[in-house]
Protein chains: 4
Amino acid sequence: KTFDIFLIAAIIISVLAVIADSVNALHPRYDDLLLALEWFFTIIFTVEYLARLYCSPHPWNYAKSFYGIIDLLAILPSYIALAITGAHYALVLRLLRILRVFRILKLLRYSAEANILARSILQSRRKIQIFLFFVLIIATIFGSLMFVVEGPENGFTSIPKGIYWAIVTITTVGYGDIVPQTIIGKGLAGVVMVIGYSIIAVPTGIITAELANELRLERSDKKCRNCGRAGHEMESQHCKFCGEYL
Amino acid sequence: KTFDIFLIAAIIISVLAVIADSVNALHPRYDDLLLALEWFFTIIFTVEYLARLYCSPHPWNYAKSFYGIIDLLAILPSYIALAITGAHYALVLRLLRILRVFRILKLLRYSAEANILARSILQSRRKIQIFLFFVLIIATIFGSLMFVVEGPENGFTSIPKGIYWAIVTITTVGYGDIVPQTIIGKGLAGVVMVIGYSIIAVPTGIITAELANELRLERSDKKCRNCGRAGHEMESQHCKFCGEYL
Amino acid sequence: KTFDIFLIAAIIISVLAVIADSVNALHPRYDDLLLALEWFFTIIFTVEYLARLYCSPHPWNYAKSFYGIIDLLAILPSYIALAITGAHYALVLRLLRILRVFRILKLLRYSAEANILARSILQSRRKIQIFLFFVLIIATIFGSLMFVVEGPENGFTSIPKGIYWAIVTITTVGYGDIVPQTIIGKGLAGVVMVIGYSIIAVPTGIITAELANELRLERSDKKCRNCGRAGHEMESQHCKFCGEYL
Amino acid sequence: KTFDIFLIAAIIISVLAVIADSVNALHPRYDDLLLALEWFFTIIFTVEYLARLYCSPHPWNYAKSFYGIIDLLAILPSYIALAITGAHYALVLRLLRILRVFRILKLLRYSAEANILARSILQSRRKIQIFLFFVLIIATIFGSLMFVVEGPENGFTSIPKGIYWAIVTITTVGYGDIVPQTIIGKGLAGVVMVIGYSIIAVPTGIITAELANELRLERSDKKCRNCGRAGHEMESQHCKFCGEYL
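Everything numeric in this text was worked out from a predicted model, so none of it was measured. (Residues numbered from 1 in each chain as written. Chains lettered and ligands numbered in written order. Predicted model: local features only at pLDDT ≥ 70, side-chain atom pairs only at ≥ 80, totals over all residues. Heavy atoms only, no water.)

Enquirer: I'd like a description of the overall build of chain A, backed by residues and values.
Expert: The number of helices and strands found in chain A is nine helices and zero strands. Along its sequence from the N terminus, chain A presents helices and strands in the succession α-α-α-α-α-α-α-α-α. Across the 246 residues that make up chain A, the buried fraction comes to 49%. Counting contacts in chain A only where the partners sit at least 6 residues apart, residues at least 24 apart contribute 49% of the total. In the structure as shown, chain A presents an accessible area of about 12200 Å², 67% of it carried by carbon and sulfur atoms. (Helix = DSSP H or I, 4+ residues; strand = E, 2+ residues; numbered from the N terminus. Buried < 20%, exposed > 50% of the residue type's maximum accessible area, 1.4 Å probe, protein only. Contact = heavy atoms within 4.5 Å. Areas by Shrake-Rupley, 256 points an atom, 1.4 Å probe, with all protein chains shown as cover.)

See the structure below:
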């Protein structure tokens, strides 16, 4: 328990150190402190990783699991950065330094509810994929149309830029860096906004409705003694498959 | 099956080719390759279209169906572009080239879930129409008011521009290209944002509620012959209350 | 029936005329046409209003009703504009010309579903009011804090401007005309965005849940023969108040 | 009752006075009036606070309660500002003047429905925390990636700035003050928008579903003594199935 709290603190401070490292103003002054902190936490996470590997009944299964990969990713960049020396690897080193920020994912292990949320996102995976697929099709078509209508002189220099504009618009982010200038373009943009906005209500509604159903049913964990199948509702008194009394 | 995967790949590569074609930097270098690809895919889709026409028991019904029109639209622009020659048709040719991007709609055929989503959007069609109608009325009224309040000197040069601003604001896109400058205008904008935002929750709620109902009603209407109670799930074979065979 | 379609067309063309009137480029050329159209439709709507007043069993009730006021508002501006002459009333005349756009509200009468939507918005009126009240309190507090943190040098010249920024941010419109510049201001803005965003999910959820309940219950219109009270569920066989068989 | 309305008016006018005080244009002219108003309301709220302390059976419990703290906060800044004199406390004085805006929270006491809303937000507290935690993790990871991809030359001068950008994007606010410039950055931004947008639907769905459950369960747990069936509404006095008195 105490060890858990210590590890959570270590993760948070370690990520804060990476973030502080990126702030230009602080960089030169606290360089040594941040380097010391960095190696201090790397060693702690290495010990943690080895301990987990050692304690696990199936070390290989742990290593392959989501948290195993996260734990490895939390320490690997520091060691690779050590191996690479040479000025022309500056970009690689910079990337490695930032990758340490992925340590924040280690926090997920300590939040039971985050796991529930993650699982329900995973269960809605298929729905979300189709939703993304839809958004992408709409974005491609309207992005291409805007490329023709507005043209390069109004910022729509290529179809990918048009698609980028369409995604920014459909998701209602609306940066305003690329904006329709012609009358037809503005009309089309209005159509994209309103249609996109009302179409998006439907998948949200489906996900909500399915989650509501799941929660409402609160299926019992009981398995039928006769046919062994689970998934019965709480109020059920008989197995819905074979009629056996539960 | 293999043929389906081949066709999906063909659709995606074909659309990517159209997109790549629009990127200025690539244009001169890969011109020949893109033209070759273009005709390769046009011929494939033409063969596919003719095959589908031939295999269909009612060719005319297929040709009139949603997918029939999509399939035709996927090949037509290339042939029309061939027929049109002459410098003064440059815009038409450019439009035809972009229309090929609609080929992406052919992908819808291969996603069963996308069809479900499309069908539920179609079922909410009436709701969405009324929603659009509402948004348009609100946008017209507030767009006109802003035109009076702000005037042409602050970017609101006409009522259509005011309506464009109102749609950008109600859908919470908020580009920031036209923004109220006067105090009254800012107050009115605040009202549009908050009122619009809270009113929009209602249609979303209605769609969600109806979809939830739809999903909930997937329960069979059958009543148990023994105890007379209904509300069984579709997959149930026995009454969940008394165990009687349904 | 035919008369209804004619009136709907009249309303739409009349509103389009007001919109066209505001477009600078068109103004001088089609001035006479628009004036003629304007008086043509004003006379039609006047005849309609008088006919409705005459046909109504209680003319005064109609005149006081929502649609009565809308119908009056659709014709009044034109007559007032006739009465007012003089250069120093230019602004009033301009306002009166735009007020004619409210004629679009006459369309609501012809859409049964729009009325259902309007009624469910009216039923959620109390919820929406509280929601607005909440948003206003949050906007006032965070707007004032930002005024202190950012100060006039970063665009937050007064608390009202801070409140305007807060509303733009909470509703996720995000114009970007006023934006936090200092580090503390950006942090505070992040808090406003995320907190506001997650708090807003709750009222939306409440409205959705209540609408879902309403739709699910689908209370019958039957009144109890004994106690005369209504509001029973569809599946009810006995009055829930007095036990009488329905 | 009359006293309540007087207090509500006092709160609103007092907050409006603070807001008016911040508007530069008004400041010098109405300085004396605002100061007089300020002390008038401070004395009223002080009397109210003392009266509540005196009337409460457990004064200490009231003082510790949410409303007790709000009531104290409403008067404290004015007295502290009186105690502090000296030019070098200008910033503190300015902050104290703005803190009086928190008086608006006193309004919450008078709205029963606002309390219901506040309570349901409080009940969803845990859900909202996890949601914030999720948003923060996603924002940290994508903010860091954008810092590497875009770099300081495109406005992403540090990871905190990247995180600020990510929060602005995920919550769909989209100010447009920091915007990706490179192609990779724009692609990554598109991913953040779409993924973030679809992931956010899930927690909203969970909150909605749970609230729907809460509202649905307002039905009593009582079972009918005659037919044994449950699911009656709270207001029911007779079983809806057999008419037995509950």
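Enquirer: Account for the packing of aromatic side chains, with residues named and values stated.
Expert: Residue and element names in this part refer to chain C. Taken as a whole and judged by the stated rule, the model has 28 aromatic pairs over all chains. With a centroid separation of 6.4 Å and an interplanar angle of 25 degrees, the aromatic rings of Phe-41 and Phe-45 are classed as stacked. Placement of both Phe-41 and Phe-45 in helix α2 (residues 31-55) is noted, with a separation of four residues, approximately one turn of the helix. With respect to class, Phe-41 is no different from Phe-45; both count as buried. (Phe/Tyr/Trp six-rings, centres within 6.5 Å; stacked < 30°, edge-to-face > 60°.)

Enquirer: Which residues make up the packing of helix α1 (residues 2-22) of chain A against helix α2 (residues 31-55) of chain A, and what values go with them?
Expert: Residues and elements named next belong to chain A. Orientation of α1 relative to α2, taken along the N-to-C sense of each, is 140 degrees, at an axis distance of 10 Å. Overall, the two elements α1 and α2 adopt an arrangement that is oblique. For the crossing formed where α1 meets α2, the hand is left-handed. Seen from α1, the contacting residues are Phe-6, Leu-7, Ala-10, Ile-11, Ile-13, Ser-14, Ala-17, Ala-20 and Asp-21; seen from α2, they are Asp-31, Leu-34, Leu-37, Phe-41, Ile-44, Phe-45, Glu-48 and Arg-52. For the contact of α1 with α2, a count of residues per class yields 12 nonpolar, one polar and four charged. (Axes fitted to C-alpha atoms, helices over the stretch in contact; angles between N-to-C directions. Parallel < 35°, antiparallel > 145°, perpendicular 65-115°, else oblique. Left-handed = near helix turned anticlockwise from the far one by under 90°. Nonpolar A, V, L, I, M, F, W, Y, C, P; charged D, E, K, R; others polar.)

Enquirer: Explain unusual backbone geometry to me, using residue names and the numbers behind them.
Expert: Its identity is not glycine, yet Thr172(C) carries a phi of approximately 60 degrees, on the positive side. Relative to the elements of secondary structure, Thr172(C) occurs in the loop between α8 (159-170) and α9 (183-217).

Enquirer: Please provide a residue-by-residue account of the side chain of Arg100(B), values included.
Expert: Within the fold, Arg100(B) resides in the loop between α5 (90-99) and α6 (112-123). With near-sequence residues (within four places) excluded, Arg100(B) lies in contact with Val18(B), Asp21(B), Glu38(B), Pro77(B) and Ser78(B).

Enquirer: Any details on the environment of Gly151(D)? Residues and values, ideally.
Expert: With respect to the element layout, Gly151(D) can be found in the loop between α7 (125-150) and α8 (159-170). Counting along the chain gives 31 residues from Gly151(D) to Thr182(D), while the straight-line C-alpha distance between them is 9.8 Å. In this structure Gly151(D) touches Arg94(A), Met146(D) and Phe156(D), once residues within four positions along its chain are discounted.

Enquirer: A description of helix α4 (residues 66-83) of chain B should follow, citing residues and the corresponding values.
Expert: The terminal C-alpha atoms of α4(B) lie 26 Å apart, and with 18 residues this matches the ideal 26 Å at 1.5 Å per residue to within 8%. Inspection of α4(B) places Gly68(B), Ile70(B), Asp71(B), Ala74(B), Ile75(B), Pro77(B) and Ser78(B) among the buried residues, and these make up the whole buried set. (Expected span 1.5 Å × (residues − 1).)

Enquirer: Break down the nonpolar core for me, with residues and values.
Expert: In terms of nonpolar packing, the biggest core is built from 208 residues, with Trp165(A), Trp165(B), Trp165(C) and Trp165(D) touching the most fellow members. Once residues within four sequence positions are removed from consideration, Trp165(C) is found in contact with Met146(C), Phe156(C), Ile178(C), Pro180(C), Ala189(C), Val192(C) and Tyr175(D). (Core = buried A, V, L, I, M, F, W, Y, C linked by side-chain atoms within 4.5 Å.)

Enquirer: Please provide a residue-by-residue account of the side chain of Ser78(C), values included.
Expert: For Ser78(C), the location among the structural elements is in helix α4 (residues 66-83). The contact partners of Ser78(C), leaving out residues within four places of it in the chain, are Glu38(C), Trp39(C), Thr42(C), Arg100(C) and Arg103(C).

Enquirer: Describe in detail helix α1 (residues 2-22) of chain B, supporting the description with residues and values.
Expert: Here α1(B) is 21 residues long and its end C-alpha atoms lie 31 Å apart, about the 30 Å a rise of 1.5 Å per residue gives. Those residues of α1(B) lying buried are Leu7(B), Ala10(B), Ile11(B), Ser14(B), Val15(B), Ala17(B), Val18(B), Ile19(B), Asp21(B) and Ser22(B). Lining the buried residues of α1(B) we find α7 (125-150) and α8 (159-170) of chain A together with α2 (31-55) and α5 of chain B.

Enquirer: For the pattern of salt bridges, give the residues involved together with the corresponding values.
Expert: This structure, assessed with the given rule, holds 36 salt bridges over all chains. Among the salt bridges present, the one from Arg97(C) reaches Asp21(C), with a minimum N-O distance of 3.4 Å. With Arg97(C) in helix α5 (residues 90-99) and Asp21(C) in helix α1 (residues 2-22), this residue pair connects regions lying 76 residues apart in the sequence. A salt bridge links Arg109(D) to Glu48(D); the nearest nitrogen and oxygen atoms lie 3.6 Å apart. Residue Arg109(D) is located in the loop between α5 (90-99) and α6 (112-123), and its partner Glu48(D) is located in helix α2 (residues 31-55); the two are separated by 61 residues in the primary sequence. Note on accessibility: Arg109(D) and Glu48(D) belong to one class, buried. One connected set of salt bridges, linked through shared partners, spans Glu48(A), Arg52(A), Asp71(A), Lys106(A) and Arg109(A). (Salt bridge = Lys/Arg side-chain N within 4 Å of Asp/Glu carboxyl O.)

Enquirer: Give a description of the packing of α7(D) against α8(D) that names residues and reports values.
Expert: Residue and element names in this part refer to chain D. At their nearest, the axes of α7 and α8 sit 7 Å apart, and the two run at 125 degrees to each other. Taken together, the axes of α7 and α8 are oblique relative to one another. The handedness of the crossing between α7 and α8 is right-handed. Contacts between α7 and α8 involve Val-135, Leu-136, Ile-138, Ala-139, Thr-140, Gly-143, Ser-144, Met-146 and Phe-147 on the former and, on the latter, Ile-159, Gly-162, Ile-163, Trp-165, Ala-166, Ile-167 and Ile-170.

Read these as spatial facts, not as claims about activity.
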